[in-house]
Amino acid sequence: MPPPTSTTTAPTAVADAGVAGVAGVAGVAGAPVVRVFVRARLLTVRAGAAEAGGLTGGIDRHDSIAAVDGRIAAIGSQDELRRRFADAEVIDLEGRLVTPGLIDCHTHIVYGGERSAEMERRLAGESYESIARAGGGILSTAAATARLGESELAAVALPRIDALLADGVTTLEIKSGYGLELEVELRCLRAARRIAALRPLSVSATYLAAHVVPAEFPGGSDGYVERICSQYLPAVAASGLADAVDAYCETIAFSVEQVARVFECARVLGLPVKLHADQLSNMHGAALAARFGALSADHLEFSDAAGVAALARAGTVAVLLPGAFYFLRQRQAPPVRALRQAGVPMAIASDCNPGTSPLCSLLAAMNLAAVEFGLSTDECVAGVTREAARALGVLADRGTIEVGKSCDLAIWNVEQPAALVYSLGGQPLHQRVWRGGRLPTCAAAPSTVR
Ligand SMILES: [Zn+2]
């Protein structure tokens, strides 16, 4: 790591706030909580910064941030902000690189059981599709998930979530989808909300409505889609537990027509959509996602030129999931060059799930995206900040370091932004800051499940 250029301790710096700091951002007795983070090398990742000359050019000329009640109130020089916010708590970042807090915009991190035995079967030559058709895969996780209550589902996810926090993640998308039946799906979505209360991070919850057809469901996949549209989706929308609706468009899952039906219902209910598209075959899922103005189309290994053009026209984010590509030993990478040329925003996510991407590291996903898919280091950093925020529809609030946004920061013990992509397992995080509170890394985060 690059040691800080100076070891001077700011006179008013305080110890890590820990859990109290999480609550403390709301203020004490109504007084605003004001913090000034000084002597940072700020990689703002704001639009235009990278284009102006790469990420090095994107390092802001200012070195300090003022946060009031968790929002970025000003970006400026240390002298200016110390003067302007004279009573603020000052936190000296000692010359470290600072990026927006990382955003993992695609995970299935809440589930029961584990599927390491399937890895052995796949290593022996069996395909993912074959295991799924034989009753393994998603259905086995669904059975294990149905056996757990809401607090247990949250508890078993916490070690995986803590691993992501240790990578600097401050916002996490969590999909349901292993519940299959309404009651269990709602339980998974509540577990996602519970996790947001147990750990210092923002959670976007997605109802993965059409994931897999439950075994022996009356009417098969058409019958299940009918049930989703007539009962499940309206109930989920009424619960207020979901921020978006997702589906899995694939030969082993749901057809374009079935997904379109689900998306029509979501549109009527006012919920944005996103799609698992073109992962194992070209189902024209990218075009389907674009047709519904989806927030994102995810995977895209088999998307064609027409699909890429449709995403560009719709402004839909391409979420690349190199963990699944790697774990399934796929050979066809997503059309990154075409996406780049068409100006489709590209995000990167862990896709943390028990079957195809048991990956609890967003930094490792960045490395895989660079090595396996050919993304530049600039694209990787933007892919887990600005573009990931765009994929969740929260770019106005997060994803870049700009005045008015939530003060979510990742502070790094590396010299160059490229080092975040370059290494695997180096644990480069110095500290996370979530909503302006100064937080310890996850090792010291609260571990009690309430
Ligand atoms: Zn997924």
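All of these numbers come straight from a predicted model, not from anything done at the bench.

**Q** Report on the overall build of the protein chain, specifying residues and quantitative values.
**A** Looking only at helices and strands, the protein chain features 18 helices and 15 strands. The buried share among the 450 residues of the protein chain stands at 55%. Contacts spanning at least 24 positions in sequence make up 72% of the contacts within the protein chain whose residues lie at least 6 apart.

**Q** Tell me what's going on with the packing of helix α8 (residues 182-198) against helix α9 (residues 220-239), and back it up with residues and numbers.
**A** Between two packed helices, what matters for the description is the angle formed by their axes and the separation of those axes. Relative orientation of the contacting elements α8 and α9 amounts to 30°, with a least axis distance of 10 Å. With respect to each other, α8 and α9 are oriented roughly parallel. Note on packing geometry: the crossing formed by α8 with α9 is right-handed. The residues of α9 that touch α8, namely those facing Leu-182, Glu-185 and Leu-186, are Gln-231, Tyr-232, Ala-235, Val-236 and Ser-239.

**Q** I'd like a rundown of the nonpolar core, residues and numbers included.
**A** If you look at the biggest cluster of nonpolar residues, it comprises 147 residues, and the most contacted ones within it are Val-262 and Met-366. Each of domain 1 (18-100 + 400-444) and domain 2 (103-392) accounts for three or more of the residues forming this core. The contact partners of Met-366, leaving out residues within four places of it in the chain, are Ile-348, Cys-380, Val-384, Leu-420 and Val-421.

**Q** Tell me about the environment of Ala-391, residues and numbers included.
**A** Residue position: Ala-391 is located in helix α17 (residues 386-392). You can call Ala-391 buried: it has 32 C-beta atoms within 10 Å. C-alpha of Ala-391 to C-alpha of Val-319: the two residues are 72 residues apart in sequence and 7.4 Å apart in space.

**Q** Requested: an account of the packing of α9 against helix α10 (residues 256-269), with residues and values cited.
**A** Orientation of α9 relative to α10, taken along the N-to-C sense of each, is 15°, at an axis distance of 10 Å. By the angle class used here, α9 and α10 are roughly parallel. For the crossing formed where α9 meets α10, the hand is right-handed. Counting all contacts with α9, which are made through Ser-221, Val-225, Ile-228, Cys-229, Leu-233, Pro-234 and Ala-237, the residues of α10 involved are Gln-258, Arg-261, Val-262, Cys-265, Ala-266 and Leu-269. Partitioning the contact of α9 with α10 into residue classes produces 10 nonpolar, two polar and one charged.

**Q** So what's going on with the environment of Gly-270? Which residues, and what values?
**A** Following the sequence through the fold, Gly-270 ends up in the loop between α10 and β9 (273-277). For Gly-270, a count of 7 C-beta atoms within 10 Å corresponds to the exposed category. As for Gly-270 and Ala-244, which are separated by 26 residues in sequence, their C-alpha atoms are 9.2 Å apart.

**Q** Provide a residue-level description of the sheet that holds strand β7 (residues 202-210), including the pertinent values.
**A** Strand order in this open sheet of eight strands is β5-β6-β7-β8-β9-β10-β11-β12, and the pairing throughout is parallel. The open sheet has two free edges, formed respectively by β5 (102-104) and β12 (346-348), since each of these has just one partner strand. Going from strand to strand, the sheet's axes swing by 25° on average, the running direction of each strand aside. Note: strand β10 (residues 296-299) against strand β11 (residues 317-320), three bridges, orientation parallel. Pairing of Asp-298 across the sheet is with Val-319, part of β11.

**Q** So, the confidence of the model for the protein chain: which residues are in play, and what are the values?
**A** When pLDDT is averaged across the protein chain, the result is 89; 89% of the residues are at 70 or more. Here residues 442-450 is modelled with pLDDT under 50, and outside its nearest four sequence neighbours on either side it reaches 16 contacts, counting other chains as well.

**Q** I'd love a proper account of helix α12 (residues 305-314), names of residues and values included.
**A** Considered for burial, the residues of α12 that qualify are Gly-307, Val-308, Ala-310 and Leu-311. Angular distribution of buried residues about the axis of α12 spans 160°; they occupy a single face of the element. The outward face of α12, more than 90 degrees from its buried face, is lined by the exposed residues Ala-305 and Arg-313. Tucked into the core, α12 has its buried residues touching α11 (285-291), β10, β11 and α14 (336-342). Phi turns positive one or two residues past the end of α12, at Gly-315, with a value near 75°.

**Q** Outline the sheet that holds strand β2 (residues 64-68), supporting the account with residue identities and numerical values.
**A** Taking strand neighbours across the sheet as the criterion, the seven strands line up as β3-β2-β1-β4-β13-β14-β15 in an open arrangement whose pairing is mixed. In this open sheet, the two edge strands, each paired with only one partner strand, are β3 (71-76) and β15 (437-439). For this sheet the average axis-to-axis angle between neighbouring strands, irrespective of direction, equals 40°. Looking at chain direction, strand β14 (residues 429-434) and β15 are connected through three bridges and run antiparallel. Each bridged residue has a counterpart across the sheet, and for Trp-434 the counterpart in β15 is Gly-437.

The rules behind these values
Residues numbered from 1 in each chain as written. Predicted model: local features only at pLDDT ≥ 70, side-chain atom pairs only at ≥ 80, totals over all residues. Helix = DSSP H or I, 4+ residues; strand = E, 2+ residues; numbered from the N terminus. Buried ≥ 20, exposed ≤ 12 C-beta atoms within 10 Å, placed from the backbone. Contact = placed C-beta atoms within 7 Å. Axes fitted to C-alpha atoms, helices over the stretch in contact; angles between N-to-C directions. Parallel < 35°, antiparallel > 145°, perpendicular 65-115°, else oblique. Left-handed = near helix turned anticlockwise from the far one by under 90°. Core = buried A, V, L, I, M, F, W, Y, C linked by C-beta atoms within 7 Å. Domains from an automatic or database assignment. Nonpolar A, V, L, I, M, F, W, Y, C, P; charged D, E, K, R; others polar. Pairing = 2+ DSSP bridges. pLDDT = per-residue confidence, 0-100. Arc of directions from axis to C-beta.

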